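Chain by chain, the residues run as shown.
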Amino acid sequence: MHTALESPKGIWWKPAGRAEKLWVGIAFGWCLVLFAMMPLWHLKGDQNTTGIRRKVEPAAFQKRTIEFIQQYQIDTEKGIPVVEPPPGSDVYLLARMWNWVPILKLQKGAEYTLHLSSMDLNHGFNLYPMNINLQVVPDYDYALRIVPGETGDLRIICNEFCGIGHHTMIGKLLVVDESVETVTYGSGER
Amino acid sequence: MNEAFRTCPITRLRVHSQADALIKANAVAATIFLVVGGIAALLVLLTRWQVVHLLDPAWFYRMLTIHGMSMLIFFILFFEMAVLYFAGPVVLNSRVPAPRVGWFSFGLMVFGALIVEWAMWTGRADVMFSSYVPLKAHWSYYLGVIFFAVGALTVVGLFFASLVVAKREQTYEGSVPLVTFGGLTAAIIAVVTLGHGAAIYIPTFLWSIGVMHVDPAVYRLVFWGLGHSAQQINLGAMVSLWYLLGGLTVGAVVLNEKISRSAFVLYILFINMAAAHHLLVDPVAGPAWKVWNTSYAMYLAVLASMVHGFTLPAGIEVGQRMRGVTQGMFGWLRKAPWGDPGFSSLIFSIVIFGFIGGITGVTFGTEQINLIAHNTLRVPGHFHATVVGGTALAFMGATYYLIPLIFRKQVAFWPLAKIQPYVFAFGMLVFTMAMTFAGTFGVPRRHWDITFSNTTFDLQYSPAVDLIIGVMAVGGLIAALGGVMYVLVTVWSVFFGRRFELATAGGGGFHGLPRGITNPPSPLPPGDHEEHPKTTGTLVLVFVFLAAFAIYYFVNWKLLSLVWRIG
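Residues numbered from 1 in each chain as written. Chains lettered and ligands numbered in written order. Predicted model: local features only at pLDDT ≥ 70, side-chain atom pairs only at ≥ 80, totals over all residues.

Just to check I follow, could you spell out the overall build of chain A for this structure?
Along the backbone of chain A there are 2 helices and 12 strands. Each helix and strand of chain A, ordered N terminal to C terminal, gives the series α-β-α-β-β-β-β-β-β-β-β-β-β-β. Computed over C-alpha atoms, the radius of gyration of chain A comes to 24 Å, more than 25% over the 16 Å expected from 2.2 N^0.38 for 190 residues, which places it beyond the range of a compact globule. With respect to the principal axes defined by its C-alpha atoms, chain A has extents near 80 × 40 × 30 Å. Going through the 190 residues of chain A one by one, you find that 46% of them count as buried. Summarising the internal contacts of chain A: among those between residues at least 6 apart in sequence, 54% fall at separations of at least 24. (Helix = DSSP H or I, 4+ residues; strand = E, 2+ residues; numbered from the N terminus. Rg over C-alpha atoms; globule rule 2.2 N^0.38 Å. Buried ≥ 20, exposed ≤ 12 C-beta atoms within 10 Å, placed from the backbone. Contact = placed C-beta atoms within 7 Å.)

What's the story with the overall build of chain B in this structure? I'm lost.
Of the regular secondary structure elements, chain B holds 17 helices and 3 strands. For 567 residues, the compact-globule estimate of 2.2 N^0.38 gives 24 Å, and the C-alpha radius of gyration of chain B, at 23 Å, lies within 12% of that figure. With respect to the three principal axes, the spread of C-alpha positions in chain B is 70 × 55 × 45 Å. Counting across all 567 residues of chain B, residues that qualify as buried make up 60%. Expressed as a percentage of contacts within chain B between residues at least 6 apart in sequence, the contacts between residues at least 24 apart total 84%.

What's the story with the interface of chain A and chain B in this structure? I'm lost.
Often, the extent of an interface is quoted as the loss of accessible area on bringing the components together. At the junction of the two partners, chain A supplies 75 residues and chain B supplies 84 residues. Elements with a minimum of two residues in the side of chain A that touches chain B: helix 1 (18-44), strand 8 (123-128), strand 9 (132-136), strand 10 (140-147), strand 11 (152-158) and strand 12 (170-176) of chain A. Of the residues that constitute the side of chain A that touches chain B, the class distribution is 39 nonpolar, 23 polar and 13 charged. Of the strand pairs in this sheet, strand 10 of chain A and strand 3 (residues 565-566) of chain B are connected by 2 bridges, and their pairing is antiparallel. Counterpart to Val147(A) in the pairing with strand 3 of chain B is Arg565(B). (Nonpolar A, V, L, I, M, F, W, Y, C, P; charged D, E, K, R; others polar. Pairing = 2+ DSSP bridges.)

Just checking my understanding: could you explain the packing of helix 1 (residues 17-48) of chain B against helix 3 (residues 99-121) of chain B for this structure?
Between two packed helices, what matters for the description is the angle formed by their axes and the separation of those axes. Residue and element names in this part refer to chain B. Relative orientation of the contacting elements helix 1 and helix 3 amounts to 10 degrees, with a least axis distance of 10 Å. When the axis of helix 1 is compared with that of helix 3, the two are roughly parallel. Mapping the contact onto sequence places Gln-18, Leu-22, Ala-25, Asn-26, Ala-29 and Phe-33 in helix 1 and Pro-99, Gly-102, Phe-106, Val-110 and Ala-113 in helix 3. Broken down by class, the residue content of the contact of helix 1 with helix 3 amounts to 8 nonpolar, 3 polar and no charged. (Axes fitted to C-alpha atoms, helices over the stretch in contact; angles between N-to-C directions. Parallel < 35°, antiparallel > 145°, perpendicular 65-115°, else oblique.)

Quick question: what am I supposed to make of helix 11 (residues 341-364) of chain B here?
Note: α-helices contain 3.6 residues per turn, so residues at a spacing of three or four share the same orientation. All names here are of chain B. Taking 1.5 Å per residue as the helical rise, helix 11 with its 24 residues ought to reach 34 Å, and the 32 Å between its terminal C-alpha atoms agrees with that figure. When the local axis directions of helix 11 are compared, the greatest deviation, roughly 30 degrees, occurs at Gly-357. Across the 24 residues that make up helix 11, a large majority, 24, are buried. (Expected span 1.5 Å × (residues − 1). Bend = angle between axes of the 7 residues up to and from the residue.)

What exactly am I supposed to notice about the sheet that holds strand 8 of chain A here?
Working definition: the strands of a sheet are paired by backbone hydrogen bonds and lie parallel or antiparallel to each other. Residues and elements named next belong to chain A. Across the sheet, which stays open at both edges, the 7 strands sit in the order 2-3-6-12-11-8-9 with mixed pairing between neighbours. Sheet topology places strand 2 (73-77) and strand 9 at the edges, where each strand pairs with a single neighbour. On average, adjacent strands in this sheet sit at an angle of 25 degrees to one another, irrespective of strand direction. By the bridge criterion, 2 bridges tie strand 3 (residues 80-83) to strand 6 (residues 103-107) in an arrangement that is parallel. By the bridge assignment, Val-82 is partnered in strand 6 with Ile-103. Relative to strand 3, helix 2 (residues 58-72) is tilted by about 60 degrees, and along the sheet it contacts strand 2 and strand 3.

Help me out: how do you make sense of the environment of Ser229(B) in this one?
Residues and elements named next belong to chain B. As for its position among the elements, Ser-229 is in helix 6 (residues 216-250). The class of Ser-229 is buried, set by 23 C-beta atoms lying within 10 Å. Between the C-alpha atoms of Ser-229 and Gly-470, which are 241 residues apart in sequence, the distance is 32 Å. Those residues in contact with Ser-229, other than ones at most four positions away along the chain, are Ile-189, Val-192, Thr-193, His-196, Asn-272 and Ala-274.

Looking at this model, I keep getting lost on the nonpolar core. Mind explaining?
Side chains of nonpolar character tend, in soluble globular proteins, to be buried together. One finds Phe78(B), Ala82(B), Tyr85(B), Ala152(B), Trp242(B), Leu303(B) and Ile352(B) to be the most contacted residues of the largest nonpolar core, which totals 258 residues. The leading source of residues in this core is helix 2 (residues 57-90) of chain B, at 23 residues. (Core = buried A, V, L, I, M, F, W, Y, C linked by C-beta atoms within 7 Å.)

Whenever I open this one, the packing of helix 9 (residues 296-322) of chain B against helix 17 (residues 536-561) of chain B confuses me. Can you help?
All names here are of chain B. Closest axis-to-axis distance for the helix 9/helix 17 pair is 9 Å, and the angle between their directions is 155 degrees. As judged from the angle between their axes, helix 9 and helix 17 are roughly antiparallel. The handedness of the crossing between helix 9 and helix 17 comes out as right-handed. Here Gly-309, Phe-310, Pro-313, Ala-314 and Glu-317 of helix 9 lie close against helix 17, whose contacting residues are Gly-537, Thr-538, Leu-541, Val-542 and Phe-545. Partitioned by chemical class, the residues of the contact of helix 9 with helix 17 number 6 nonpolar, 3 polar and 1 charged. (Left-handed = near helix turned anticlockwise from the far one by under 90°.)

Can you help me understand the confidence of the model for chain A in this one?
Regions with low pLDDT carry predicted coordinates that are not meant to be interpreted in detail. Residue and element names in this part refer to chain A. Considering every residue of chain A, the mean pLDDT works out to 93; 94% of them sit at 70 or more. Mean pLDDT per element in chain A: strand 1 (residues 52-55) is the minimum at 95, and strand 7 (residues 112-118) is the maximum at 98. Predicted confidence for residues 186-190 stays below pLDDT 50, and this span has 5 contacts to residues more than four positions away or in other chains. (pLDDT = per-residue confidence, 0-100.)

Here it is as structure tokens:
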């Protein structure tokens, strides 16, 4: 035997010892478990990131977002439109330096298709306090079906560096439960 | 010709004077960038610690960019160039072919690095390490990176040439040693990495001067072919140094060349697929692409690391047992030279890399789990464990041998050097764990103000987050102290240290030299050792690792199942 600093002489392709064989076998088995979990979660899990992915011109996405806002706007807060789309609809969230437009008001337990895109740089969608994270890339529309699980007055933090105002880029998302009570905008329960 | 060589009195290797000189130059350059990156690290830390909140936003983002580039690119690659000159010409008793090319490359790398530093410090490149298009830096920034990469690629070519020369001039018998094989792995991965670098920085440079369009999503893919693969050069170099330090400090044996070398080959074949880790919640790739690539085919590169994670401690265990350290299950570890900073660095590097860096990386790199990890503090928590607690700490351990073996100086402030790995490793352990934990609350990375003062909508994290960030800051400060100790010891040793003569160094407990040099591991008893001692201690340790891995992994699936339905 020798250290790793010495040249092995002759043929070193020799059978491994029992302990090494055992560990390599177990490690490989574990790797297969790690691998299998991902397809399995596509079949059985409720959280996947596939969605619908396509290219989009920033101007076209902006136009679509403006139409969406005009269609379902119910209020304005701090200069940003508040929009309440019906369950099942396509929902648009536009990221730009340094805000998220519009403020969305969604129903708990209803399904929406959330479209994300950026007008300028890369941005990061981080939903507080759920800790859901998605990359928002300019020129691409990322559409994911989401079902809000809890009610609340939530925040959208930008977690991709997007210039000097990055840390001020914070948006708002409201989730209400119509089946319990009619929550008017601004009641801000958490 | 022979005057160009000296024979190392400790390793019996013939060392070419040009190898000596090139290793010294690259190691000194690495240390300078470590100091620059370290100062930036401290300023970034003291800003993210909201209690101090030192820098204004512009300088915070600038320092974060400087920290990333100086550490991840300049410090690490300069040190790796030194490792390549060591693993090639020195370990193989050979000469550096075309040393002038080596010096030219070194000059080019320094030139490129200085351009990039200038662009960053003058506010022309506040774009972070990743510089995602269309976030634009001054064109000189991209050009500087290209110069640096061309220089590094040339050194890699020189390393390949040194293997050919050594083989042709028969400076060694048999196959190249495992340390060189590991260096070769790192070098091959470097070619792949720098190829991606050219493929992304050249178009981005052209884009910055307005003659080409670069798609933002394509940029992210190809950039991470560079950005993540570069970390796998570190991985190859680090594992190679682990084997080196094991051999130098306790005479660790190579249990089976086939197993260890096959594991290195798995790195070469699969590890560059890790670019996918960055695109798991991107609006481009489909699920099959994500699953296949994020798992390096079927976690074959993870398998390689798990194999090294066994063969390294097992090699130490067998080496110790064969030399008569046979007490109990862990006597080989308990009786190890813990006062040798080369040895303590080695063990801490393996532990932090494996238990924190490896486990978190594989977990966050799982396609769906990335949804609750992407761009949060969990990500820098992971890569500080791999790159700093793992790679940088291994580099530090190697430095305590580099100083006497290559610089031929005693290690200055020896008592400080002995405790340095403990201070640094403890600090990094606390820092990375706290950072990862803070990320589970969704705390973003690369963010100036997580109290969200002066924002349109208020947000207040749970008080637990303040506490965890405080712990992170304390850990980071301890690690920074360890970093200062390292720089003090190395700079003093190299520039003001005493030259050492082995004659005066004999005997135990000599101040200023690691034990692996004053009392090198005794030669193994003769025989072919087909029947070597058992590795029961190591087996227990790797099963503890596997248990920790499985718990962390499945806890994260549970956490994921609690978030909203999405898809």
